[in-house]
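# Summary of the model geometry
In case you want the letters, here they are:
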Amino acid sequence: MPLTTNDDSRLDLEQALSSQGAGCSDLEVDEPTQQVVLFRLAGQRFALAGSVVSEILSGEQSVYFIPGLPDTIEGVIHLRGTIESVITLERLLGLEASKSDGMILLVRGDAITTGVRIEQLDDVCDVVISALRPPPETLPEALKPFVGAVIHRDEREAIALLDAQALLSAFQAGQG
């Protein structure tokens, strides 16, 4: 049935509803959402809860190397009067290390705030809570302690939602 309007600008209710088709008769209900920061590490997609990322810094931010630090610490940054470390997560997550001048996420944990170097920022978005699933048993062993959930945006894409507190605690304990 072709859509026709009464005054060239509005559809009547019956026309609007019939144009939706039989498969769209469910009411749309607002679902609770969680803000996430989607990014890439070692070519793989990951996410952190938006609530733990306090700032996203340009890859051009100067990082100062300090001799004697573990290789998981890239260096430190001077940020508005404070000094923050910048860490790399690849070793902790069992991923191939990459030398990237990608962006830095300033991540807050209970006992530490640090910069986390990422290859690429993909998006900052809201994800419906129903899209979060428990991590699969087939997850690599190195990732299991750090993945709090898996985000299913569609049937082809799953993104590991990292537990920032677990990552930062492991880092502080010297596991990285």
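Our structure's up above, just so we're on the same page.
Overview of the structure. (Residues numbered from 1 in each chain as written. Predicted model: local features only at pLDDT ≥ 70, side-chain atom pairs only at ≥ 80, totals over all residues. Heavy atoms only, no water.)

## Looking at the overall build of the chain
If you tally the helices and strands in the chain, you get 2 helices and 11 strands. Put simply, the chain runs from its N terminus to its C terminus through helices and strands in the order α-β-β-β-β-β-β-β-β-β-β-β-α. A buried classification covers 35% of the 176 residues belonging to the chain. In the chain, once contacts between residues fewer than 6 apart in sequence are set aside, the share between residues at least 24 apart is 54%. Element-wise, carbon and sulfur atoms account for 50% of the exposed surface of the chain, whose accessible area totals about 10,700 Å². (Helix = DSSP H or I, 4+ residues; strand = E, 2+ residues; numbered from the N terminus. Buried < 20%, exposed > 50% of the residue type's maximum accessible area, 1.4 Å probe, protein only. Contact = heavy atoms within 4.5 Å. Areas by Shrake-Rupley, 256 points an atom, 1.4 Å probe, with all protein chains shown as cover.)

## A short note on the sheet that holds strand β2 (residues 44–49)
Within a sheet, neighbouring strands are paired by backbone hydrogen bonds and run either parallel or antiparallel to one another. Strands sit in the order β8-β1-β2-β11-β10-β9 across an open sheet of 6 strands; the sheet is mixed. Either end of the sheet is taken by a strand with one partner, and the two such strands are β8 (120–128) and β9 (132–133). Across 8 bridges, the pairing between strand β1 (residues 33–41) and β8 is antiparallel. When the sheet's bridge partners are listed, valine 37 is paired in β8 with valine 124. (Pairing = 2+ DSSP bridges.)

## As for the nonpolar core
If you look at the biggest cluster of nonpolar residues, it comprises 30 residues, and the most contacted ones within it are Phe46, Leu48, Leu93 and Val107. When contributions to this core are tallied by element, the ones reaching two or more residues are β1, β2, β6 (104–108), β10 (147–154), β11 (157–162) and α2 (164–172). The greatest single-element share of this core, amounting to 5 residues, is contributed by α2. With residues up to four places along the chain from it excluded, the contact list for leucine 93 reads Leu41, Phe46, Ala142, Leu143, Phe146, Leu162 and Leu167. Among the nonpolar cores identified, the runner-up in size contains 10 residues, and Val36, Leu38, Val127 and Ala149 belong to it. (Core = buried A, V, L, I, M, F, W, Y, C linked by side-chain atoms within 4.5 Å.)

## Remarks on the sheet that holds β6
Read across the sheet, 5 strands follow the order β3-β6-β7-β5-β4 without closing on themselves; strand pairing throughout is mixed. A single partner strand is all that each edge strand has here, and the edge strands are β3 (53–57) and β4 (73–79). Here the average twist between neighbouring strands, direction ignored, is 30 degrees. Sheet topology places β4 next to strand β5 (residues 82–87); 6 bridges connect them, and they run antiparallel. The residue bridging glycine 75 from the neighbouring strand is valine 86, located in β5. (Axes fitted to C-alpha atoms, helices over the stretch in contact; angles between N-to-C directions.)

## Considerations on the side chain of threonine 114
The residue threonine 114 is located in strand β7 (residues 113–117) in this model. Engagement of the side chain of threonine 114 in a polar contact is seen with the side chain of serine 85, the distance being 2.6 Å. The residues touching threonine 114, leaving out its near neighbours within four places in the chain, are Glu84, Ser85, Val86, Ile87, Leu105, Leu106, Val107 and Leu168. (Polar contact = N/O pair within 3.5 Å; in protein donor to acceptor, adjacent residues only side chain to side chain.)

## Remarks on the side chain of serine 85
Inspection of the secondary structure assignment puts serine 85 in strand β5. Excluding its chain neighbours within four sequence positions, the residues that come into contact with serine 85 are Gly75, Val76, Thr114 and Gly115.

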